[in-house]
Amino acid sequence: VRRFVLLAALAACGDERGAQRPAELSYILPTILEPSCATARCHSQHGAAAELVLEGSPHTVRDTLVKKSFVYPGQPAGSPLLNYLRGNYVELRMPPDAPLPPGDIDLITRWIAEGAPP
Amino acid sequence: VKWSLAVALLCVASTARAYPHYQLRDGEARCSGCHWAPAGGGPASAWGRHQAAGPLSASSWLWPSGERSDDEPGVSLGWLDLAVATRLALLRNQISGPTGAEWHLIPMQADTWAHAERGSFSAVAGLGLNGATRLEDQRVTSYFVSREHWVAWQPDAEGGLYARAGRFMAPFGLRLADHTTYVRRYTGHDLLQESYGASGGWLGDAFEVHATASLYNPYAAAGRDERGGTLYGEARLGPSAIGASLRVGDSPRSRRYTGGVNAKLRLDGLATTLLAELDATSATFPRAGDESREEIAAYGGFVAELKPGLNASLAYELWAPDVEVKGLTRHAVSAWVTLLPRGSWEVQLSGRWQLIGRDEDALAAMLMGYFWL
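Residues numbered from 1 in each chain as written. Chains lettered and ligands numbered in written order. Predicted model: local features only at pLDDT ≥ 70, side-chain atom pairs only at ≥ 80, totals over all residues. Heavy atoms only, no water.

Undergrad: Can you walk me through the overall build of chain B in this structure?
TA: Secondary structure summary: chain B contains four helices and 19 strands in total. For chain B, long-range pairs separated by at least 24 residues make up 53% of all intrachain contacts whose partners lie at least 6 apart in sequence. Approximately 15600 Å² of chain B is accessible, and the part contributed by carbon and sulfur atoms is 65%. (Helix = DSSP H or I, 4+ residues; strand = E, 2+ residues; numbered from the N terminus. Contact = heavy atoms within 4.5 Å. Areas by Shrake-Rupley, 256 points an atom, 1.4 Å probe, with all protein chains shown as cover.)

In structure tokens form, the structure reads like this:
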């Protein structure tokens, strides 16, 4: 139902391509998270800021996000990752230099809502 | 309002200190005229620092009686040239949403540079502080980084053929189009993203060509395991220059093919340089079933020399990471004023407002000091 609602909302905005983007970490990781978050000084293996590494295989990063309680699969409203990306209840919105565009946050929301598949 | 002294917030990293408007100002058509690197960029050569202390600085009208030559930074010991570069910035970042404005004091750079030259061969090495390493990594070496170190061969110091190998930033366009996101996140041109590779080219008065093969980037996630190359050519005609660039990057994460054009036009009567750049990329993601997307980045603006050493710029920038998806495109207006009171230091005040997707926006203002010792 959640997926239908999200896809319907995107379709209503006339954004078919946005609705077709895969809500899988295998897509989200190379297109959004690694370029935006795993930069050399931040959440890369080299920087490991806040001891959080957001690069590697989708399975590894997915496990990291779940084990560290940044993502609760199926529960986007309760997942702290989205609070960081939206700036809700946190001191510093991520990424700190420029926030992700709403379309990317929508995709990550959909990914969590669909169980956060790798 | 929150304050933080940034060690961790070195993540915010730096903006480009790219000033292509100097290129056509005094007939120094080649960037290598003022930089050690054959394609320009990076540390300035002794001649470049001499220019910074002379016609490019405001010392002539700020301190008319000053001795410019005494203010040239760096030390030249014949075949060996030494310099230290430091940068400190105060950033105010206002992003739409509940977090409000943030202030950051950012030590951006502290690098020592050495350049040695013997006959046709030259070498450059930099060693600086590394602001972000694993907290559990307590080795002293983890606090230092050498972002560039390379050797070059150029039989004719005035131009012609050259070759270079080592760690350096590959020549690729102006790198001005949405530097914050497109350039730093997607083209392998962020801080610490200098790759190991080899480069060769031709430096002429009317044109120059640079071909670079990038083999390994020890730090950055998006480019560490990327193999690829860039090709950059620039032709100059009078007060103008037109450049074209190609970039290919292949890694298990993505395959990227980028083509770009840029143009520079110096209007002497107005002491102004017009700058424009357009990049288009086709990206494919093998781990996501070969999903693909088309990207566009653009820049258009000008730099006006209000007085010697006092420059101002205004520009529009565009970055669309997927042209078919709504809600991703960034539009930005950026402006800066730079004052070079002396050859060894510079102060820049900059601002950048961006509209992100449909309804997000961000406004950043930064005061940056740049000091050469």
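Continuing now.
Undergrad: I would appreciate a short explanation of helix α4 (residues 58-67) of chain A in the present structure.
TA: Residue pairs spaced three or four apart in an α-helix point in one direction, given the helix's 3.6 residues per turn. All names here are of chain A. Listed in full, the buried residues belonging to α4 are Pro58, Val61, Thr64 and Leu65. Buried residues of α4 fall within an arc of 130° about the axis and therefore sit on the same side. Of the exposed residues in α4, those oriented more than 90 degrees away from the buried face are His59 and Lys67. Structurally, α4 contributes buried residues whose contacts are with α3 (25-37) and α6 (102-113). (Buried < 20%, exposed > 50% of the residue type's maximum accessible area, 1.4 Å probe, protein only. Arc of directions from axis to C-beta.)

Undergrad: Any chance you could explain the interface of chain B and chain A here in plain terms?
TA: How big an interface is tends to be reported as the loss of accessible area on association of its parts. On the chain A side, the residues contacting the 50 residues of chain B number 46 residues. Carbon and sulfur atoms make up 54% of the surface buried where chain B meets chain A, a total of about 4300 Å² over both sides. At the boundary of chain B and chain A, one finds six salt bridges. Two residues, B:Arg253 and A:Glu34, come together in a salt bridge whose shortest N-O distance is 2.7 Å. Taken together, the connections running from chain B to chain A amount to ten residue pairs in polar contact (both at pLDDT 80 or more). Every element with two or more residues in the side of chain B that touches chain A is listed here: β3 (80-95), β4 (101-118), α3 (179-186), α4 (221-224), β15 (291-307), β18 (345-356) and β19 (360-372) of chain B. With five residues, the top contributor of residues to the side of chain B that touches chain A is α3(B). Partitioning the side of chain B that touches chain A into residue classes produces 19 nonpolar, 13 polar and 18 charged. (Buried area = accessible area lost by both parts, 1.4 Å probe. Salt bridge = Lys/Arg side-chain N within 4 Å of Asp/Glu carboxyl O. Polar contact = N/O pair within 3.5 Å; in protein donor to acceptor, adjacent residues only side chain to side chain. Nonpolar A, V, L, I, M, F, W, Y, C, P; charged D, E, K, R; others polar.)

Undergrad: Just to check I follow, could you spell out the pairing of β15(B) for this structure?
TA: Strand residues, when the strand is regular, have side chains that alternate between the two faces of the sheet. Residues and elements named next belong to chain B. The sheet contact formed by strand β14 (residues 272-285) and β15 spans 14 bridges and is antiparallel. For Leu275, the partnering residue across the bridge sits in β15 and is Gly301. What sits between β14 and β15 in their antiparallel hairpin is a turn of five residues, with Gly289 showing a positive phi close to 65°. One ladder, built from eleven bridges, connects β15 with strand β16 (residues 310-320); its direction is antiparallel. Counted as the bridge partner of Gly301 is Ala315 from β16. Counted along the chain from β15 to the antiparallel partner β16, the turn is two residues long, and its residue Gly309 has a positive phi close to 80°. (Pairing = 2+ DSSP bridges.)

Undergrad: Is there a simple way to explain the side chain of B:Arg352 in this structure?
TA: All names here are of chain B. As for its placement among the helices and strands, Arg352 is situated in strand β18. Residue classification places Arg352 among the buried positions, given a relative accessible area of 13%. A distance of 3.4 Å separates the side chain of Arg352 from the side chain of Thr180, its partner in a polar contact. Polar contacts involving the side chain of Arg352 include one to the side chain of Glu317, which spans 3.1 Å. In this structure, Arg352 is in contact with Asp178, Thr180, Glu317, Ala332, Val333, Ser334, Ala362, Leu363 and Ala364, ignoring residues within four places of it in sequence.

Undergrad: Can you walk me through unusual backbone geometry in this structure?
TA: Negative phi is the rule for most residues except glycine; trans is the rule for most peptide bonds. Going from A:Met94 to A:Pro95, the amide bond is cis rather than trans, its omega being -10°. Among the secondary structure elements, A:Pro95 is positioned in the loop between α5 (80-86) and α6. At A:Ala116, a position not held by glycine, the phi torsion is positive, near 55°. Inspection of the secondary structure assignment puts A:Ala116 in the segment after α6. According to the relative accessible area criterion, A:Ala116 is buried, its value standing at 0%. If you check the backbone angles, B:Ala271 has positive phi at about 50° while not being a glycine. For B:Ala271, the location among the structural elements is in the loop between β13 (255-267) and β14. Given a relative accessible area of 16%, B:Ala271 falls into the buried group.

Undergrad: How do you make sense of the pattern of salt bridges when you look at a structure like this?
TA: Residues and elements named next belong to chain B. Inspection of the entire model under this criterion finds 23 salt bridges over all chains. Linking Glu208 and Arg236 is a salt bridge whose minimum nitrogen-to-oxygen distance equals 2.9 Å. Here the residue Glu208 occupies a position in strand β10 (residues 207-216), and Arg236 occupies one in strand β11 (residues 227-237), the gap between them amounting to 28 residues. Taken individually, Glu208 and Arg236 each receive the classification buried, so the pair is uniform in this respect. A salt bridge links Glu317 to Arg352; the nearest nitrogen and oxygen atoms lie 3.1 Å apart. With a gap of 35 residues between them, Glu317 in strand β16 and Arg352 in strand β18 connect regions that are remote in the sequence. With respect to burial, Glu317 and Arg352 carry one shared label: buried. Three or more residues are tied together by salt bridges with common partners; here these are Asp111, Arg147, Arg167 and Glu194.

Undergrad: Sorry if this is basic, but what is going on with a nonpolar patch on the surface here?
TA: Residue and element names in this part refer to chain B. Where nonpolar side chains cluster on the molecular surface, the patch consists of Leu62, Trp63, Leu88, Leu105, Trp345, Val347, Leu349, Leu367 and Phe371 and spans about 720 Å² of accessible area. Within the residue set of the nonpolar patch, elements represented by two or more residues are β18 and β19. In terms of residues, the nonpolar patch owes the most to one element, β18, which gives three residues. In this structure, Leu62 sits in helix α2 (residues 59-62). (Patch = residues over 30% accessible without salt bridge, like charges linked within 9 Å, V, L, I, M, F, W, Y side chains within 5 Å.)

None of the figures reported here should be taken as evidence of function without further support.
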